[in-house]
Amino acid sequence: MSDMYDSGTNGRFEPRIVAFFCNWCTYTAADLAGTSRMMYEHNARVVRLMCSGRLDPQFVLHAFREGADAVLIGGCHPGDCHYQSGNYKALRRFRLLQRLLEQMGIEKERLRLEWISASEGDKVRQVMNEMTEQVRQFGPLRLRPMPNAPHSEPVADLELAVAAVEQGMS
Amino acid sequence: MSKPRVGFYWCASCGGCEEAVVDLAEAVLDVVAAVDIVFWPVALDFKRSDVEAMRDGEMAVCFVNGAIRTSEQVEMAELMRRKSQFLIAFGSCAHSGGIPGMANFFSKESILQEVYHGVPSIANTDTVRPRPETKVTEGQLTLPSFADHVRTLDQTVPVDYYLPGCPPPVKLIVGAVKAILEGTLPPKGTVLAPNIALCDECPRKESKPDELLIREFKRPHQIQIDPQKCLLDQGLLCMGPATRSGCDAACINGNMPCTGCLGPTDGIRDYGAKALSSIASVLNSDDEKEIDTLLKAIVDPGGTFYRYSLPASLLHGTILHEERGGK
C-alpha cells in the first residue's frame, strides 16, 4: 500500500483511480492480464460489479469525495452485454454524468468508459497506463471541502496517518 | 401545565416558508391554541435578546428555514439549537441547500464581483464592497461576514428532523406539529414525509407506459402539455421518479413537471446523481453520437438535477480552480 503514497519520495504524483469493472467482460479481462503476467500501472483499485449498468452515478461521486482522482468504468462491448442492455444504460448515464462533471469544474477525462471484452487483457494494460499518465498530468482532484456534519466524528486523514507511521519507521 | 414554546427563524431564504406557515389557514388557530410562539421575527416583535435570555432547551421546538451563508446565520442557528429541544430543518434550503445553495456553482469572489461591479445597472465607481468592519467618523460599523460556501442547516448544527419542500406542504407541517404535540415523533434524523417516490402518488400514474422510452427531451414552453398524460412520457424532465412524495403532486396538478424540491427518499445519499441516473436511463438510443445529441436538450444538467440540493450533494459545489492558482 505505502508505495501508492510515494509522491513525497520521488516527487511524482501517483493518482488514485477507482475502476468499476463488469463481472462478465472487463473484470475477466483484468484477470487475464494478471494471469498473463502483464505489467502495468498499479494505480487503480478495481471494484467488481455484475454489470456496468449497475453503476449508480452516486458511486462515481462517492469515489471522488473519498479521494479518487479518477474513475474508470469497464463494460462489455455494445451488443455483448450479458444482460442485453446494461452497457447501453451505463453509456447514457456516463455521457450525462460527464457533462455534469465538466460543469462542476472536473476534467471530463477523469471519468472514462471503456468497452473491454474478456479476451482483451492487453487493453486493460493499455487503458490503465494511459489513464494513469493522463490523470498524473491533471494532478490531484481538489473538491470543495465538505463541511463536517457537527454530529459526526471527523474522519481521520488516512494519508496523514500513513505518512506519520512511515516517518516514524524511517 | 404551560403550553410548549415554539420558535421560528429564517436564514438564507425567500420568505416562502413563512408563507407556508400562514397557509395553514384556520389550522393555524389550533396551533396557536396549543403552543406559545416565543420567537418569530417575520411576524412577531421578539428580539434576539429575548431568545438569549431563555434557559437552554426552553423552547420545545424551533423551526429554522433557509440555508447558511453569513456569520450571523451561523450564530442564530447555534443559538436556536441551544435554546430548543427539537430543531427542525424547515424547507428545502435548510434541508439540502435549496435555491440559495446554487451559489455553490460559483466562487465567492465571482459572486461579489458580479453583484457589486458586474451587473449593468450598478454604478460603483469607488469599487466599494461590504466589509465586516468599517470605520466612520461616528465610530465602527459592523456587518456579518460572507462565507466561502453555502451550507445546509445540518452542516452547521445538529438537526433533529427535516420538513422538506419548497415550501413544505401544509399537510406535512400539520402532521409534524401533531406528532410533536402528541409525542409520536419517529426516531431522530427522520424526514417527516412519506418514504415513497412522487410517481407513486401521481394522478397521471395510469398513463405512464410500462417501459418509458424517450426520443426527445423538451422544455415546458416548447410544447402544449397534455394535462392527462405522464409528463416524462411527453419528454419533459419530470423528477418524480427520484423525488419524495408528500406534496399531493402540486406541480403536476398545475400541469408542470416536478423539479424535485422534496429531495430524495431515504437511503439516497446524492439526489442529483440519482435523478440524473433515472432520466438518462429512459433515453431511447443506443448510439453514442445520437445520445449526445439528445442529451444536448438538457441545457443545464447541474441546475436541473441539483436545483435544491447542491450544498448537500457529494461534491458540495464546483471546484474552484482560480482559488488554487490554476489546475
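So, a few notes on the structure that sits alongside this text. (Residues numbered from 1 in each chain as written. Chains lettered and ligands numbered in written order. Predicted model: local features only at pLDDT ≥ 70, side-chain atom pairs only at ≥ 80, totals over all residues.)

**With respect to the interface of chain A and chain B**
Between chain A and chain B, the residue contacts involve 31 residues of the former and 32 residues of the latter. The element contributing the most residues to the side of chain A that touches chain B is helix 4 (residues 86-103) of chain A, with 11 residues. (Contact = placed C-beta atoms within 7 Å. Helix = DSSP H or I, 4+ residues; strand = E, 2+ residues; numbered from the N terminus.)

**Structural notes on the packing of helix 4 of chain A against helix 10 (residues 288-295) of chain B**
It is the contact of helix 4 of chain A with helix 10 of chain B, at a shortest axis distance of 10 Å, that shows an interaxial angle of 50 degrees. In terms of axis orientation, helix 4 of chain A runs oblique to helix 10 of chain B. Of the two possible hands of crossing, helix 4 of chain A and helix 10 of chain B adopt the one that is right-handed. Residues L91(A), R92(A), R95(A), L96(A) and R99(A) of helix 4 of chain A pack against E288(B), I291(B), D292(B) and L295(B) of helix 10 of chain B. Partitioning the contact of helix 4 of chain A with helix 10 of chain B into residue classes produces 4 nonpolar, no polar and 5 charged. (Axes fitted to C-alpha atoms, helices over the stretch in contact; angles between N-to-C directions. Parallel < 35°, antiparallel > 145°, perpendicular 65-115°, else oblique. Left-handed = near helix turned anticlockwise from the far one by under 90°. Nonpolar A, V, L, I, M, F, W, Y, C, P; charged D, E, K, R; others polar.)

**Structural notes on helix 3 (residues 57-65) of chain A**
Those residues of helix 3 of chain A that fall on the buried side of the exposure criterion are P57(A), Q58(A), V60(A), L61(A), A63(A) and F64(A). Summarising the contacts, the buried residues of helix 3 of chain A are in contact with strand 1 (17-22), strand 3 (70-75), helix 4 and strand 4 (111-115) of chain A together with helix 9 (271-281) of chain B. Just beyond helix 3 of chain A, the residue with positive phi is G67(A), at close to 115 degrees. (Buried ≥ 20, exposed ≤ 12 C-beta atoms within 10 Å, placed from the backbone.)

**Remarks on the nonpolar core**
Inside soluble globular proteins, nonpolar side chains tend to come together where they are buried. If you look at the biggest cluster of nonpolar residues, it comprises 125 residues, and the most contacted ones within it are I17(A), V71(A), C62(B), V64(B), I88(B) and L276(B). Ranked by the residues each element gives to this core, the list is headed by helix 4 of chain A, at 8 residues. Among all residues touching L276(B), those that are not within four sequence positions of it are P57(A), R93(A), L96(A), L97(A), L100(A), P301(B) and F305(B). (Core = buried A, V, L, I, M, F, W, Y, C linked by C-beta atoms within 7 Å.)

**Topic: helix 2 (residues 26-35) of chain A**
Residue and element names in this part refer to chain A. Of the residues making up helix 2, those classed as buried are T26, Y27, T28, A29, A30 and A33. Along its buried surface, helix 2 packs onto strand 1, strand 2 (44-49), strand 3 and helix 5 (121-138). In the stretch just after helix 2, R37 is the one whose phi turns positive, near 60 degrees.

**Comments concerning the sheet that holds strand 2 of chain A**
All names here are of chain A. Pairing within the open sheet is parallel, and its 4 strands lie in the order 2-1-3-4. Edge positions in the sheet fall to strand 2 and strand 4, since each of these pairs with one other strand and no more. Strand-to-strand twist of the sheet, defined as the mean angle between neighbouring strand axes without regard to direction, takes the value 20 degrees. Of the pairings in the sheet, the one linking strand 1 to strand 3 comprises 5 bridges and is parallel in character. Bridging across to strand 3, V18 finds its partner in V71. (Pairing = 2+ DSSP bridges.)

**What about the sheet that holds strand 2 (residues 36-39) of chain B?**
Think of a sheet as strands paired side by side through backbone hydrogen bonds, with each pair either parallel or antiparallel. All names here are of chain B. One open sheet holds the 5 strands; their spatial order is 2-1-3-5-9, and the pairing between them is parallel. Both outer strands of the open sheet, strand 2 and strand 9 (161-163), are each paired with one neighbouring strand and no more. Across this sheet, the average inter-strand angle for adjacent strands is 30 degrees, counted without regard to direction. Bridge count for strand 1 (residues 5-10) against strand 2 is 3 bridges, and the pairing is parallel. The residue bridging G7 from the neighbouring strand is F39, located in strand 2. Along the sheet, helix 4 (residues 71-83) makes contact with strand 1, strand 3 (59-65) and strand 5 (84-90), crossing strand 5 at roughly 135 degrees.

**Things to note about the pairing of strand 1 of chain A**
Residues and elements named next belong to chain A. Counting buried residues in strand 1 gives 6 out of 6 residues, a clear majority hidden from the surface. Burial of the side chains of strand 1 extends over both faces: I17, A19 and F21 are buried on one face and V18, F20 and C22 on the other. Taken together, the 6 bridges between strand 1 and strand 2 define a ladder with parallel strand orientation. Within strand 2, the residue paired with I17 across the bridge is A44. Read from strand 1 through helix 2 to strand 2, the crossover connection turns out right-handed. (Right-handed = clockwise from strand over helix to strand, strands pointing away.)

**So, unusual backbone geometry**
Most peptide bonds take the trans form, and the phi angle of most residues other than glycine is negative. Cis geometry is found at the peptide bond from C166(B) to P167(B), where omega equals -5 degrees. Mapped onto the fold, P167(B) is located in the loop between strand 9 and helix 7 (170-182).

**Describing the packing of helix 2 of chain A against helix 5 of chain A**
Residues and elements named next belong to chain A. Where helix 2 contacts helix 5, the two axes come as close as 7 Å, and the packing angle between them is 90 degrees. Taken together, the axis directions place helix 2 and helix 5 in an arrangement best described as roughly perpendicular. Contacts between helix 2 and helix 5 involve A29, A30, L32 and A33 from the former and G121, K123, V124 and R125 from the latter. Looking at the contact of helix 2 with helix 5 residue by residue, the class counts come to 5 nonpolar, 1 polar and 2 charged.

**Looking at the environment of R65(A)**
Tracing the backbone through its elements, the reader meets R65(A) in helix 3. Of the residues examined, R65(A) has 18 C-beta atoms within 10 Å and is grouped as partly exposed. Sequence spacing of R65(A) and R92(A) is 27 residues, and the spatial spacing of their C-alpha atoms is 22 Å. When neighbours within four sequence positions are excluded, R65(A) is seen to be in contact with L143(A), M146(A) and L314(B).

**A few points about the environment of Q98(A)**
Residue and element names in this part refer to chain A. Among the secondary structure elements, Q98 is positioned in helix 4. For Q98, a count of 22 C-beta atoms within 10 Å translates into the label buried. Distance in space between the C-alpha atoms of Q98 and K108 is 5.4 Å, their sequence separation being 10 residues. Apart from the residues within four sequence positions on either side, Q98 is in contact with K108 and L111.

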